[in-house]
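Chain by chain, the residues run as shown.
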Amino acid sequence: MVKEIDRAGIPVTHICTVVPISLTIGANRIVPAIGIPYPLGDPTKGEKKSYEIREKLVTRALKALTVPVDKQTVFEEDF
Amino acid sequence: MPKKVVHYINQFFAGIGGEDKADYKPEIRAGIVGPGLALKAALGNEYEVVATVICGDNYFGSNIDKGVVPELLEMIKKYQPEGFVAGPAFNAGRYGVACGTIAKAVQDELKIPAVTGMYTENPGVDMFKKDIYIIQTKDSSADMRHAMPKLAALLKKQMAGQEVLGPKEEGYIEKGIRVNYFNERRGSERAVDLLVAKIKGEPIYTDYPLPVVDKVSPAPALKDLAHARIALVTSGGIVPQGNPDHIESSSASKWGKYSIAGMDHADKKDFMTVHGGYDRAFITEDPDLCIPVDVLRDLEKKGFIGKLMDYFITTTGTGTATNSAKRFAEEFVPILKKDQVDAVLLVST
């Protein structure tokens, strides 16, 4: 799905837990998520902390959309 | 006693009609019909085409999930075949998908060898080349007299329990299987030959073809995030409570588009997950863990993004064929374009 969205010229960030799969299928902007049962947040750390983690990742994923890339790029760190 | 073979063809090759008869219901006739004549000739005296099963391409396509396959299998089973041939379908797309589907079903359910034939660009090739032997044909039925003997030869080999050689020798489309064998010439010699051939610009043959991965260039970067219309897409199986469209919990055949208009977060009262590939407990309790409506809404209020679209798009990723996923996106991308979506966040578990 990621590829078809990219192909249509709409920038897309793939937020996913298993980055190697995302790289294999060919996503171009990738943000690693936290875990398979909770990609965005960490409920074991309480609601507030979980929200903060989610906010951080979503913000990074949104900023990744604004970065020109010419190859598959994994955005590991906030920028 | 000749060995029994059943042949599958569509309404066109059965001489029933073209597009106007594509809704033709499944039928089985004793003996050969249409291209069965060529099949019979190619199989020789030790084999007999005991029956021909016929189905309209549209009927097959529209009933693929509604019982056409078991229905056909029942008909085929009655003749107790020891081998099965479908088509060949050449470049006919729906016929190719039908041939691939029924050949795979016969092979898996009736445990007998099955063979079909298609042109490389037939969509049935990508769907079934890993599962069944598909003889590579040209793009039209003018190739019947060349194709049918190859189908027959490969089927006979399998029925006789003989070793099936590589795609080049037998004429089938690569299944992506690697087999070890001893070559009479050592690797270094062949590597040098390959290099020389490459330098000369001659056609080359590799023992170890790399998988073909369709790469897509990244879409241009977003210029103005603060005014961008952002859509959420997920493969995490998030659906409204009750799963109104019955999206499958694995091997999804469809996607859904559901409203988040006016919501300041994704509440468990409204949403659930049907994904069958992870522990659902956390996301069941807080769907924002997969569709971050809360954060995106806050970022929208702060003016960090222009607008969060009033809906999200969803399916179940686990076990879902990449071809299905590609089709889902081909179906929903026009909606995103029509709604002037500037960028997408796609969340996978």
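Since the structure is predicted, the reported quantities are computational estimates derived from the model, not experimental observations.

Calculation rules
Residues numbered from 1 in each chain as written. Chains lettered and ligands numbered in written order. Predicted model: local features only at pLDDT ≥ 70, side-chain atom pairs only at ≥ 80, totals over all residues. Helix = DSSP H or I, 4+ residues; strand = E, 2+ residues; numbered from the N terminus. Buried ≥ 20, exposed ≤ 12 C-beta atoms within 10 Å, placed from the backbone. Contact = placed C-beta atoms within 7 Å. Nonpolar A, V, L, I, M, F, W, Y, C, P; charged D, E, K, R; others polar. Pairing = 2+ DSSP bridges. Core = buried A, V, L, I, M, F, W, Y, C linked by C-beta atoms within 7 Å. Axes fitted to C-alpha atoms, helices over the stretch in contact; angles between N-to-C directions. pLDDT = per-residue confidence, 0-100. Expected span 1.5 Å × (residues − 1).

Novice: Would you mind showing me how to read the overall build of chain A here?
Specialist: Across its full length, chain A carries 3 helices and 3 strands. Counting from the amino terminus, helix and strand elements in chain A follow one another as α-β-α-β-α-β. Residues counted as buried form 42% of the 79 residues belonging to chain A. If you take every contact in chain A between residues at least 6 apart in sequence, the share linking residues at least 24 apart comes to 39%.

Novice: Which parts of the structure should I look at to understand the overall build of chain B?
Specialist: Broken down by element type, chain B carries 11 helices and 12 strands. The buried share of chain B, reckoned over its 349 residues, is 42%. Put simply, 72% of the contacts in chain B that link residues at least 6 apart link residues at least 24 apart.

Novice: Is there a simple way to think about the interface of chain B and chain A in this case?
Specialist: When the parts of a complex come together, some accessible area is lost, and that lost area is often taken as the interface size. Contact residues are listed per partner, giving 43 residues for chain B and 40 residues for chain A. Sorting the residues of the side of chain B that touches chain A by element identifies α9 (281-285), α10 (293-301), α11 (322-338) and β12 (343-348) of chain B as the ones contributing at least two each. No other element matches the 9 residues that α11 of chain B contributes to the side of chain B that touches chain A. A breakdown of the residues in the side of chain B that touches chain A according to their chemical character gives 29 nonpolar, 4 polar and 10 charged. Summarising the sheet, strand β1 (residues 12-16) of chain A and β12 of chain B pair through 5 bridges and their orientation is parallel.

Novice: Help me understand the nonpolar core, please; the structure alone is not making it clear to me.
Specialist: Formed by 60 residues in total, the largest nonpolar core has its most connected members in C55, I102, A103, V115, I134 and L151 of chain B. Setting aside residues up to four positions removed in sequence, C55 of chain B forms contacts with N10, Y24, P26, F60, V68, L72 and A98 of chain B. By size, the runner-up hydrophobic cluster in this structure holds 58 residues, among which are V2 and A27 of chain A together with F328 and L346 of chain B.

Novice: Honestly, the sheet that holds strand β2 (residues 27-30) of chain B in this entry has me stumped. Any pointers?
Specialist: Hydrogen bonds between backbone groups are what pair the strands of a sheet, and the pairing can be parallel or antiparallel. Residue and element names in this part refer to chain B. With mixed pairing, the 6 strands of this open sheet are ordered in space as β2-β3-β1-β4-β5-β6. Lying at the two open borders of the sheet, with one neighbouring strand each, are β2 and β6 (133-137). Neighbouring strand axes in the sheet, compared pairwise and without regard to direction, differ in orientation by 25° on average. Along the sheet, helix α3 (residues 68-77) contacts β1 (3-10), β2 and β3 (47-55); its crossing angle with β3, the most-contacted strand, is approximately 150°.

Novice: Would you mind showing me how to read the confidence of the model for chain B here?
Specialist: For any part of a model where pLDDT is low, the fine detail of the predicted coordinates should not be relied upon. Per-residue confidence for chain B gives a mean pLDDT of 94; residues scoring 70 or more make up 99%. Under the prediction, the complex receives an ipTM of 0.97, its pTM being 0.58.

Novice: Can you walk me through helix α8 (residues 187-200) of chain B in this structure?
Specialist: All names here are of chain B. With 14 residues, α8 should reach 20 Å at 1.5 Å per residue; the first-to-last C-alpha distance of 20 Å fits that figure. For α8, the tally of buried residues reaches only 0 of 14 residues, placing the bulk of the element at the surface. Note on α8: the residue one or two positions beyond its end, G201, has a positive phi of about 75°.

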